[in-house]
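Below are the chains, spelled out letter by letter.
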Amino acid sequence: MSEFAQILRDKKLDRQSPDTSTMIDNITTDQVRRHLAQPPGRYSIDRLMALLSPAASELLEEMAQQARQLTIQRFGRTVQMYAPLYVSNVCVNSCLYCGFNCQTEFSRTRLTIDQAVKDGKVIASEGFRHILLVSGEDTKYVTNDYLAELAQRLREDFSSVSIEIYPLDEAGYKNCFDAGIDGVTLYQETYDRDTYERYHIAGPKADYDQRLDSYDRAARAGMRRLGLGVLLGLADWRQETLALAEHAAYLMKKYWRSQVSFSFPRLRPAPHVAEEYEHLVGERELVQMMIALRLCFADAGIVLSTRESAELRNNAVNLCVTRISAGSKTNPGGYSEEDDSTEQFVIADDRDPSEVAKMIKRAGREAVWKDWDTSFTA
Ligand code: SF4
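Basis of the calculations
Residues numbered from 1 in each chain as written. Predicted model: local features only at pLDDT ≥ 70, side-chain atom pairs only at ≥ 80, totals over all residues. Heavy atoms only, no water. Phe/Tyr/Trp six-rings, centres within 6.5 Å; stacked < 30°, edge-to-face > 60°. Helix = DSSP H or I, 4+ residues; strand = E, 2+ residues; numbered from the N terminus. Buried < 20%, exposed > 50% of the residue type's maximum accessible area, 1.4 Å probe, protein only. Pairing = 2+ DSSP bridges. Near = heavy atom within 4 Å. Nonpolar A, V, L, I, M, F, W, Y, C, P; charged D, E, K, R; others polar. Salt bridge = Lys/Arg side-chain N within 4 Å of Asp/Glu carboxyl O. Right-handed = clockwise from strand over helix to strand, strands pointing away. Axes fitted to C-alpha atoms, helices over the stretch in contact; angles between N-to-C directions. Parallel < 35°, antiparallel > 145°, perpendicular 65-115°, else oblique. Left-handed = near helix turned anticlockwise from the far one by under 90°. Contact = heavy atoms within 4.5 Å.

### Some thoughts on the packing of aromatic side chains
Each aromatic ring pair is specified by the distance between its two centres and by the angle formed by the two planes. In this structure the tally under the stated criterion is nine aromatic pairs. When the centroid spacing of 4.9 Å and the interplanar angle of 20 degrees are considered together, the rings of Tyr43 and Phe297 count as stacked. Here Phe297 lies in the loop between α14 (283-296) and β7 (301-304) and Tyr43 lies in the loop between α3 (29-37) and α4 (45-52), a separation of 254 residues in the sequence. Judged by its relative accessible area of 21%, Tyr43 is partly exposed. Overall, the relative accessible area of 5% leaves Phe297 in the buried class. Among the aromatic residues, ring-to-ring pairing joins Tyr43, Phe262 and Phe297 into one connected group.

In structure tokens, the structure reads:
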């Protein structure tokens, strides 16, 4: 068992428990106020439990103000723009919530390097300088060499290239890093082992521990950005947030050179998926989760995708968001081809990138397209 898996087990966070729910439900408003009176930005599990509690929900406005101030203090008024580039919807896994599930029959698309570069050119022409390569688990086609070659080509137009694909071994991550990929986003989906098993019924992704260990491998390979998240809707969001925070705290301590960020993917309708979910997360709860994490992790990135509605994104930009996607297509070739292949999920905010940039400006923030951090650390 890996070091972090053991930590989760010791803290009883790798399986959800009614006792933990009861503890959170019993937190009082006074206890929350005491935590809010402490300097914001420091993590302890007690503090996070308090900020996630139903009692804290009544103090959301006060929490939001602290989160806003802390974000500006640490990140300035900037919000970084990025766009995802889906290179393949071929997948060997069977995740019950996903439109790319291998047991679903539809015509699959994998972009050649030239096709992916063509999509990348469209994204670059919209102003983006930060791109996220996304694919299903497709090790035969989206190989290490494919990623390395594609990254090298994309670096002509992009100052930062990240990946959100299947877990690689350490040598694979190192190879990608050497080719110019500097960030890895990977969602554990759920930290609850039983839920994980229920939703990941076939393929390599069914191995919970292998996935959990991937963040260490990416960090050891030198990746400068580590993106964490859970798929909100699969299990109790409060307990998921505790496990997620423990993961972030562990990675920050052990791999202090890498910046950790949180994403908040909520389950969205997806083609060919007809699942019902017990733990769907409402907008107010989502905002509470984002703010609670900000108030515990002053320097973590907070990322928001086009899964969320324009209205929610408009509000969140003013609170704690540091990175936002825009104009996203979740199907391979979606930027340059007329003929739409199957999407991974249906997006909720379909405004084009310039509209999103204007919205950020109206909120008193500055949309940043270039990743200046790279220039400073090169
Ligand atoms: S979530 Fe990822 S690994 Fe699972 S089926 Fe979808 S694309 Fe494949």
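Structure shown, so let's carry the discussion forward.
### Re the pairing of strand β3 (residues 160-164)
Counted residue by residue, β3 has five buried out of five residues, so it is predominantly covered. As paired elements, strand β2 (residues 130-135) and β3 share five bridges and run parallel to each other. Bridge pairing in β3 links Leu133 to Ile163. With three bridges connecting them, β3 and strand β4 (residues 181-185) associate as parallel partners. Following the sheet pairing, Ser162 is matched in β4 by Gly183.

### Details of the site of the ligand
Cys91, Asn93, Cys95, Cys98 and Lys205 are the nearest of the ten residues found near the ligand. Looking at side-chain class alone, the shell around the ligand contains five nonpolar, four polar and one charged residues.

### Digging into unusual backbone geometry
Its identity as a non-glycine residue notwithstanding, Lys12 has a phi of 60 degrees, on the positive side. By the element assignment, Lys12 lies in the loop between α1 (3-10) and α2 (18-25). Assessed through its relative accessible area of 61%, Lys12 is described here as exposed. For Glu189, which is not glycine, the phi torsion reads 75 degrees and is therefore positive. On the secondary structure map, Glu189 appears in the loop between β4 and α10 (193-199). A relative accessible area of 7% means that Glu189 is categorised as buried.

### Here's the deal with the pattern of salt bridges
All told, the structure shown has 22 salt bridges when counted by the stated rule. Residues Glu246 and Lys11 are paired through a salt bridge, measuring 3.0 Å at the closest nitrogen-oxygen approach. Within this pair, whereas Glu246 is found in helix α13 (residues 237-254), its partner Lys11 is found in the loop between α1 and α2, the two being separated by 235 residues in sequence. We classify Glu246 as buried; its relative accessible area is 7%. Because the salt bridges share partners, they merge into one network encompassing Arg9, Asp14, Arg193 and Asp209.

### As for the pairing of strand β5 (residues 225-228)
Burial along β5 is two-sided: Arg225 and Gly227 facing one way and Leu226 and Leu228 facing the other are all buried. Direction of pairing for β4 relative to β5: parallel, over a ladder of three bridges. Looking at the pairing, Thr185 lines up with Gly227 of β5. Inspection of the sheet shows β5 paired to strand β6 (residues 259-263) by four bridges, in the parallel sense. Residue Leu226 lies in a different strand from β6, and its bridge partner there is Val260. In this fold, β5 hands off to α13, which returns the chain to β6; that crossover is right-handed.

### What to know about the packing of helix α6 (residues 60-75) against α14
Two numbers describe how α6 lies on α14: the axes approach to 9 Å, and their chain directions differ by 50 degrees. Overall, the two elements α6 and α14 adopt an arrangement that is oblique. When you trace α6 past α14, the crossing you get is left-handed. Of the residues in α14, those in contact with Leu60, Met63, Ala64, Gln66, Ala67, Leu70, Thr71 and Phe75 of α6 are Arg284, Gln288, Ile291, Ala292, Arg294 and Leu295. Looking at the contact of α6 with α14, its residues break down into nine nonpolar, three polar and two charged.

### Thoughts on the packing of helix α15 (residues 310-317) against helix α16 (residues 353-362)
Contact geometry for α15 and α16: axes closest at 9 Å, N-to-C directions at 40 degrees. Taken together, the axes of α15 and α16 lie oblique to each other. Relative to α16, the crossing made by α15 is right-handed. In this structure, α15 uses Arg313, Asn314 and Val317 to contact α16, whose residues at the interface are Val356, Met359 and Ile360. In terms of residue class, the contact of α15 with α16 is built from four nonpolar, one polar and one charged.

### Description of the environment of Arg129
Residue position: Arg129 is located in the loop between α7 (113-125) and β2. The spacing of Arg129 and Pro40 is 89 residues in sequence and 32 Å in space, taken between C-alpha atoms. Leaving out residues up to four positions away in the same chain, Arg129 has contacts with Ala124, Asp157, Phe158, Ser159, Ser160, Trp369 and Lys370.

Shape descriptors only; they carry no functional weight alone.
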